[in-house]
Structures are given as structure tokens and as C-alpha cells.
Amino acid sequence: MGRRVAFESSCAIAEAAKMANIDVCAAYPITPQTHIVERIAQLIADGELDANYMPVESEHSALSGCLGSSAAGARTFIATAGQGLELMHEVVYVASGMRLPIVMAVCNRALSVPLSIWGDHSDAMAVRDTGWIQIFAENAQQAFDLTLCAFRIAEDPAVLLPTMLHIDGFHLSHVIEPVLLPEQEEVNEFLPRYHHPFVLDPKSPVTMGDFATPALYTEAKVGQDVALRNSLKVILQVFQEFGERFGRDYSPVETYKTEGAEVLLLTMGSFSEVAMEAIDRVRGAGEKVGLVRLRLWRPFPFEQFRQVVNQARLLIVLDRALSFGGPGPVCSEVQAALYHLRQRPQVVGFIGGLGGRDISVEGFQDMVHRGINKAKQGKLGEIEVFDVREQ
Amino acid sequence: MDELVEIRWHGRGGQGAVTSAELLALTAIREGKVAQAFPSFGPERRGAPVIAFNRISKDKPIRARAAIAEPDIVIVLDPGLLGIIDVAHGLKDGGTLVVNSPRELSAVNSEIGGPWRLAVVDATRIARDILKRPIVNTAMLGALVKATGIVNLESLFQPLQERFGRLAESNIKACREAHKETLIMEPTPGAKRPEKVYPVEKWPSWKELNIGFVVTEVGSARGYQTGYWKSEHPVRDNERCIKCGMCALFCPEDCIRQTEEGYFEADDFYCKGCGICARECWTGAVTMVEV
């Protein structure tokens, strides 16, 4: 029935890649992701994992190499962070356009300049439109579980899309926590070998990554977009099956103490657990406040999101990224999701947790109260950067 | 002139259709008109059919940038295009079709005549005589002006001067000569559009495409008939041919194969008429002849 171990999220992801029996891993080390690929290299060197490890000269090459291995039908894993994800940016689009079910762990890291090795969601938001499925984990157990789910989702014949699993740099990647590991047979049953309808094979040659004139490009991209939208059905099925097999339930939009809540706070990633502590405290003080945790960022789970928030009076959204000159990217998306609803909450957006800046439990309590006050004062459109020194 | 005149140029890569459209726009703008010129963007290949466009108005601003589907004027730089491209597609009734052809006006009219004014000139001969090469774009500008008066003939010369430098004089001469030689036929009342049916490209819906835009048909490029890009083709003199195979070695299309008798022959389906075989043949057995 499995065993309970102490792992940082990085090792939990490496362990999941091992139990998923990956064929290929390519990566270029970058903080705070390095532990994942170091661990995988170690597992391969120790003979615990039979896979090819591609040491490469850059992240651009790392993902390019993964295109090849995935196109040949190999189960392919890659990990990166921040600037590394930026350097592979053009290849990120190629992987989804070619419909290759690569799984990538991203240890969310702030983007230069100023240079920062610490976490925020700037890198995740910069790849929002690349056509990958994007899932956020909140702790080491989720990082393990959702890595397995990511392979299962990506490789589903109805999906065949690359998938990113996001963990927050340092706040998750380097934090040791208890993790329950399943038996290898259980993982094998959940994650059988997959077969891509088109693989590189000299006996049956195909052309991949071809060129399209204006007469074809739109159609090719619409097919890709429809696949990403439709992947939501498979994601729901996979989460359900995972829950039935392993006893831990996941959903594209998750909630904490939202019953009867008039005010909702929305977070993504590891800060959600900190926010839960804050919700406990404000609930304890008799305030009707709950938490919405966005697990799935792409495809955006519009229906599930609307159902969770439409009864609330106020929705306070935390973005861990700036969209310079506009609202935070999550806030923007949330407002678009609500715009056509007859009954919808007011929305107040905060930007915070940039470049590794902590938000404490007290900080989240403060954020909730500031949000409520701003709504009272009608300052709904104002974008406030939380905990910024004005003087 | 009308509020807006829309023009479509049909030529082959290298014949100067795009340059013609540019020169026409430069000329119109110098005359104080509003004008626009643009090519049909895509991979450029010498000899392949190409399209260029002009929009010209007296003073109304031109904002449309889309390809012209229903032109007032169509100009065809290459006589060989008439058989393979529906050059008159969308040409307005009462419009003008200007064709480069060595044939009689009446013969061209029976092939491509319709409810439009037809203008014909043997621009290839004029270009060969004056420019010593079959680049017909400046001659066709002269024919266009004769058939439509869209700009003044003299207004063309300054832009030509600036564009062609030391070659300007001969280009202006070709332009003048074509202007003089162009024959025009007004449409007969009730004239019908040509009946020839051209193959229409059928594009797949997004649902019909393979996952990841994968192409499973191996060697699908073999279906491209690059042979119709040519204006000249290689002709072999067996008296001079020593069967050395240099022509085949240098053929960039790799379309020259040895026959049972040992001679080397270009596959007409693929030969683009580049002339490299004739240039490389050191016994002078291969010459390029107009198609």
C-alpha cells in the first residue's frame, strides 16, 4: 500500500518521473529546478531508472531534443525554471503545435531584470499562450501526484498535448515534506505505455513540423486550440480515476471553506496553503470568507470557475506576476470569465509575492481585509501591489 | 478616372510583375494620385506563377490591403500562363485584359476574350529585340498605358530612369515600342466569359488535418509540376552530344536521366528551364529554346 517518505517537491517530481518509467530526460540545470534533474541523473546512474539522459548546452536544445524523443514515441520528461523557460520559448510553441505529450516540470521563478532566482509566476504567465496544459501544485504530495496525472493527461489519445506541472521555486522545490508513494504496480496500472498515432519511424516515414501557407495555417491552429479546450474533459476523468485509485482528489478549481462565503480569495500554487491558514483565522473571527485555488491555468476551466464563484459578493484575486501596464494576468482572465454572467461577484486584484517575496498568514488576512475595504470604497479597477514600500 | 481602379498582374518569378506594379504605383503617386502596389506574399521561385496588385485612385485614400479578387484590369506577362491559370478570374465586365502574346489579336480573343476590352502585344519579341532578354515588364507597362490610360506614358520614364539606371534607356524604348504596337479590341455586345474550367484548389477543413499537422504522404512534392514554370526548354543536338552526363550532374532539379541510347534527357514535368545544362554543356550540344 505504498510508503511514507520525506521529500522536497523536486525529489517528489523526480520520483514520479521514475515511477512513470520515463524513456528520456533532457535538461539544462537552472536554479531552482536543478534538484529535479540532478535526482533523475542519479537514479539513472544508479540503475534505478532505465532512461536516456541528454545533457545539452542550453534549455533551447533541451526542449528541442525532447521534440525528437517524443516524436519517436518515447515518454519524455524535462524540467526548467524562469530564464530557462524563456530561452526555450520558441520550442515551447513547437512542442504543442506538433502535439507531442512531453511533460515539463517548471519551478516557477521570477524573470530578470533585476536578476532573481526566487519564485513568482512570471515564467508561467509568459508561456500562457503556448498551447500547453498548465497545472499548479501546492505541496510535495501534489507535485508527485500531478506529475503522474500530467503524463496520463498528455498521452491520452484525445489530448496529445504537452503538459507543464508548476511548482513554486524554493517555496516548494526546496521544502522537505512528507509524501506518500504508491506501489510501482499501482502506477503501472494508472499509467500504461502509450502509442502516438504518428511516430518517427524509418519504415513508415512522415513529415512533422511542416510549413503552412495562409490557406492552411488557421485550420492547423484551430485543430490545436480545440484539442486544448477538449482536454478539460480528459483532465476531469484522469483526476477522478486518480482519486479512485489513490484516494487523493483533484479538480481544476478547488475550494476551501467556501460554503456560504460572501468573500472569496483566489490563489494559485504554494501560497494557497498559506492562504488556508489565513481563512481559518478569519472564519474563526466569524467572517464569511473562503478560498478558491486555481489548479488548472490552461485550458482555463471557465465552467467550473463560474460555478464556484457566482454566489459570492466579492472575489479577491492574487497574481504572482505583473502584466506591465495592465491588470494581473489571472485577474484579467477571471474578469473575462465573469463578464457575461448576470450574477457575478465584484473583483479586486492584488499583485504580490514577486521575486520570492513572502506573504505570511497575517499578510493574507490583511489582504482579505484590504480587498473588502477597497470594494466598499468602490476602488475596483485599482491594481494594488501588495506589501510594496511606498516610502 | 474612376474612384478606384484595381489591377492584378500575372507573371512568373523573375519576369518583373512585382517591379511593374511598383513602377506603376510610383508613377501614379508622382502624378498626384493615390496608389498602392504589393505582391502576393509567399515563397519566391524563379519561373513559378506570381501575382502582384495595384490600387489607384484619383484622390481617395486607399485602405484595403487584401488581395484583389475582382479587378478592373488584368495584365498577363507570360503567354504560357493562359493555359494553366484562370487569369480572367473575377475580371469585371467592361474591364480590360492586357496580354503578352505573339499571336494575332483575334486568336487571343477566341481563347480569352470576354465582356472586356482585350489588348495584345508581342512583348517578348520587343524585349528580346531591344533588351536582348525576355524580361517583358517594362514593355507591358507601355501596353497597359495604351489600353487604359491609367497614367501618362511620359510619367513612367522618370521612375524607370531611377529604377534601371544604365538599363533605363532600353527599357524606356521597350515601353514606348510596346505602347505603339499594342492592338486593342473592344468587347462585342453580349460577349460571354471564357468557358474553360480551371482546377480549383480544395483545401481541407481543420477536422480533416492530421494531429500535429503531420504529413503522411511520402514524397508528396513529386506531384508539383515545376515544369510549367519554364519559358525555355533544353534541346539536344545528338551530333554534338558525347554522352558525358555533365548536364545531368549540374541540373539543380535532378531531372535529367540517361536514355537507353545513352543520351541525357530532361524530364519536362520537372525541368524549370533554368538553362544550367546548356551553360555547362562544353560541346555545345544543348541549347535553350523558347517553349
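Everything numeric in this text was worked out from a predicted model, so none of it was measured.

What counts, and where the lines are drawn
- One numbering rule holds for all chains: residues counted from 1, following each sequence as written.
- Each chain gets a letter, beginning with A, and each ligand a number, beginning with 1, in the order they are written.
- Local features in this predicted model are restricted to residues whose pLDDT is 70 or higher, and side-chain atom pairs enter the listing and the counts only when it is 80 or higher, whereas totals over whole chains, interfaces and linings include all residues.
- Only hydrogens and water are set aside when side-chain values are computed; all heavy atoms of the structure are taken into account.
- Residues count as neighbours in contact if any of their non-hydrogen atoms are within 4.5 Å of one another.
- Buried area adds together the accessible area that both of two parts lose upon being put together, with accessible area traced by a 1.4 Å probe.
- What makes a salt bridge here is a side-chain nitrogen of Lys or Arg within 4 Å of a carboxyl oxygen of Asp or Glu, nothing more.
- Under the rule applied, a polar contact is a pair of N or O atoms within 3.5 Å (in protein, one hydrogen donor and one hydrogen acceptor; residues adjacent in sequence only if both atoms are side-chain atoms).
- Secondary structure is summarised from DSSP: a helix means a run of H or I of at least four residues, a strand means a run of E of at least two, and numbering begins at the N terminus for each.
- Three classes are used: nonpolar for Ala, Val, Leu, Ile, Met, Phe, Trp, Tyr, Cys and Pro, charged for Asp, Glu, Lys and Arg, and polar for all others, with Gly counted as polar.
- Two strands are counted as paired when DSSP detects at least two bridges linking them.
- Axes, fitted as lines to C-alpha atoms, cover a helix only where it is in contact. Angles between the N-to-C directions of the axes lie from 0 to 180 degrees.
- Relative accessibility decides the category of a residue: with a 1.4 Å probe and only protein chains considered, values under 20% of the type maximum give buried, values over 50% give exposed, and everything between is partly exposed.
- Every residue gets a pLDDT, meaning the predictor's confidence in that residue, from 0 to 100.
- Domain limits in this description derive from either an automatic procedure or a database domain assignment.

The next subject is the interface of chain A and chain B. The interface is formed by 22 residues belonging to chain A together with 14 residues belonging to chain B. Buried surface at the junction of chain A and chain B, both sides included, amounts to about 1,500 Å², of which 78% is carbon and sulfur. On the chain A side of the contact with chain B, Phe198, Leu216 and Glu219 of chain A bury the most area, a combined 31% of that side's loss. Seen at the junction of chain A and chain B, the total is zero salt bridges. Put simply, chain A and chain B have one residue pair in polar contact (both at pLDDT 80 or more) between them. Ranked by residue count, the leading element in the side of chain A that touches chain B is helix α9 (residues 214-246) of chain A, at seven residues. In the side of chain A that touches chain B, the residues fall into 14 nonpolar, five polar and three charged.

So, on to the sheet that holds strand β12 (residues 296-298) of chain A. Residue and element names in this part refer to chain A. As summarised here, the arrangement of the seven strands in space is β3-β2-β4-β5-β7-β6-β12, forming an open sheet in which the pairing is mixed. Of all strands in the sheet, those with a lone pairing partner are β3 (52-55) and β12, marking the two edges. Neighbouring strand axes in the sheet, compared pairwise and without regard to direction, differ in orientation by 20° on average.

Looking now at helix α12 (residues 329-338) of chain A. Judged by how many residues are buried, α12 of chain A sits mostly within the fold: seven of ten residues are covered. Within the sequence span of α12 of chain A, burial applies to Pro329, Val330, Cys331, Glu333, Val334, Ala337 and Leu338 of chain A.

What follows concerns the confidence of the model for chain B. Looking at chain B as a whole, the pLDDT averages 93, with 99% of positions reaching at least 70. With a pTM of 0.90, the predicted complex shows an ipTM of 0.90.

A separate point is the domain arrangement of chain B. Often the size quoted for an interface is simply the accessible area lost on bringing the parts together. Residue and element names in this part refer to chain B. Segmentation of chain B into domains returns domain 1 (4-185) and domain 2 (230-290). A C-alpha centroid distance of 33 Å is found between domain 1 and domain 2. Summed over both partners, the interface of domain 1 with domain 2 buries about 310 Å², with 32% contributed by carbon and sulfur atoms. The tally of links from domain 1 across to domain 2 stands at two salt bridges. For arginine 128, the salt bridge identified is with glutamate 290, shortest N-O distance 2.9 Å. Connecting domain 1 to domain 2 are two residue pairs in polar contact (both at pLDDT 80 or more). The residue inventory of the side of domain 1 that touches domain 2, partitioned by class, reads no nonpolar, one polar and three charged.

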